[in-house]
Amino acid sequence: IVNGSPVAFESTENLCIFARINRKSAMEELLHYTWRHKLFPSRPLATTEGKVVEVIDPGLPNYNAGPDFFNAKIKIDGTLWVGNVEIHDKSSDWFFHGHDTDERYDNVVLHVASVIDKPVKTSKGLCPPQLQMDVPMQVKQHYKELLATDKYPPCYQIIPHLSRLTVHSWMSALQTERLEQKTEAILKRITDSDGSWEAGYFVTLARNFGFGINGDAFEEWAKTIPLHAVDHHRDNLFQIEAIFLGQAGLLNDELIPQRYRDDALKDEYYHKLRDEYFFLSYKFSLHPINGKLWRFLRLHPQNFPPIRLSQMANLYYHRKASLSQLVDCKTVKEVRQLLSTHPSDYWQTHYMFGNSSEKKEKSLSSSTLNLLIVNTVAPMLFAYGRHKADEQLCQRAFDFLEEMPAENNYIVRMWKEVGLSVDNAGDSQALIQLKKQYCDRKDCLRCRIGYEYLKRK
């Protein structure tokens, strides 16, 4: 399958050639890394013709089609060349990749390979000089250790020896990278909401009200809420709750989870909400999601979907679920006040329909508000700040994260155990990004801690 379509090959040999072209070997990746960071062997560098090579500037990495590095500065036998560099495992890969007929490679001033098994030519018939370059033995060994070690993180031995500047700069970069990644998800929600930032914020807030286990269900639910229609009933909390719970499929007799159905059918408030939703769904042509998407197992009752949905309804009723109000918040204290909410009176004595309990307000806890600020507020401010080219909003996102306590999860605890300081939510978000985007993928060649590990003697 290539780009989503099946492709047939005439022979196994052609298939192997295709695979070589479209997948860099681990050795080639390591060669790229060695060249980029100038981790050259101790012996002098020279072309296959014996001309001395001095790398002034390895060039800019190219992540798109074309040569691997742009605008490199290289002295060959005392003459300064400025141009592109191409790197392969074997020099013959130049032909496997079709560079000999591709004009984009005519400005290659040096071809680097670990094995020189063939001279190369450009589409103009010129022969770029070639450099046979070995990855230093200690770099190879350290890279194998990073890939093979079972202890996580694999670079744990070097972490206590890292400078504060190295750690701080990498954590700052990871924190920004995580916010940018979350921005992409927010922008997609806004696109799916016909470009509405208010709707995109509502969906983002709803997703994080699912707190992981019900995040997908909450997002699907939020996308079905017609905010323009709900606005007509914004002064009536009962009607908002009817729409919210009805769209969640929790007012449909057939969609309620079996273990809660009998009690619900005997409950007066359930029938009132159901009848109200029936009227409103007909009025606005509403269609609920499948109520079976909601997960209750192993959830603390405080996190049951009806409780969270009622809290969302209360936020919306009090006009506290809009992006414009969030943007007006200048401090974490103001954000906490904005997002503080509790369910309606019925849910203060119930966790599910028909199951009464001791009266409890069930307002959002301090730790729950912290999670919402970290996962909703900061990313939303950063995304909206980027959209509006407002640096103050972007900076506010970073400031809020630095004011919040570090998250307490297994990822953060693991990094603490190997000696990495975690002072605030900005740090914990950076370490989550590090684990998910680098460690889990064994992408040590893009990690600054991995770089420190590889270059050590």
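Just above, that's the structure.
Residues numbered from 1 in each chain as written. Predicted model: local features only at pLDDT ≥ 70, side-chain atom pairs only at ≥ 80, totals over all residues. Heavy atoms only, no water.

This part is about the overall build of the protein. Of the regular secondary structure elements, the protein holds 19 helices and 9 strands. In terms of overall dimensions, the protein has a C-alpha envelope of 90 × 55 × 40 Å along the principal axes. The proportion of buried residues among the 457 residues of the protein is 50%. Put simply, 61% of the contacts in the protein that link residues at least 6 apart link residues at least 24 apart. When the accessible area of the protein is evaluated, it comes to approximately 23,200 Å², of which 50% is carbon and sulfur surface. With 57 positive and 57 negative side-chain charges, the protein shows a separation of 4 Å between the mean positions of the two kinds. (Helix = DSSP H or I, 4+ residues; strand = E, 2+ residues; numbered from the N terminus. Buried < 20%, exposed > 50% of the residue type's maximum accessible area, 1.4 Å probe, protein only. Contact = heavy atoms within 4.5 Å. Areas by Shrake-Rupley, 256 points an atom, 1.4 Å probe, with all protein chains shown as cover. Lys, Arg positive; Asp, Glu negative; His and termini not counted. Charge placed at Lys NZ, Arg CZ, Asp CG, Glu CD.)

Moving on, we come to the nonpolar core. By size, the foremost hydrophobic cluster in this structure holds 80 residues, and its most contacted members are F202, L205, W221, F244, W294, L326 and F353. For this core, the element with the highest residue contribution is helix α15 (residues 366-388), accounting for 11 residues. Not counting residues up to four positions away in its chain, the partners in contact with W221 are F202, A206, F244, Q247, A248, I289, W294, L309 and M312. Counting residues in each nonpolar core, the second largest holds 50 residues, with M133, L174, I411 and I449 among its members. (Core = buried A, V, L, I, M, F, W, Y, C linked by side-chain atoms within 4.5 Å.)

Bringing the side chain of H142 into the picture now. Position of H142 relative to the elements: it lies in helix α4 (residues 137-148). What H142 contacts, discounting residues up to four positions off in sequence, is Y453, L454, R456 and K457.

The end-to-end C-alpha distance of helix α6 (residues 197-209) is 18 Å, a good match for the 18 Å that 13 residues give at a rise of 1.5 Å each. Across the 13 residues that make up α6, a large majority, 11, are buried. Residues W197, A199, G200, Y201, F202, V203, T204, L205, A206, N208 and F209 constitute the buried set of α6. Positive backbone phi, approximately 45°, marks F211, located one or two places after α6. (Expected span 1.5 Å × (residues − 1).)

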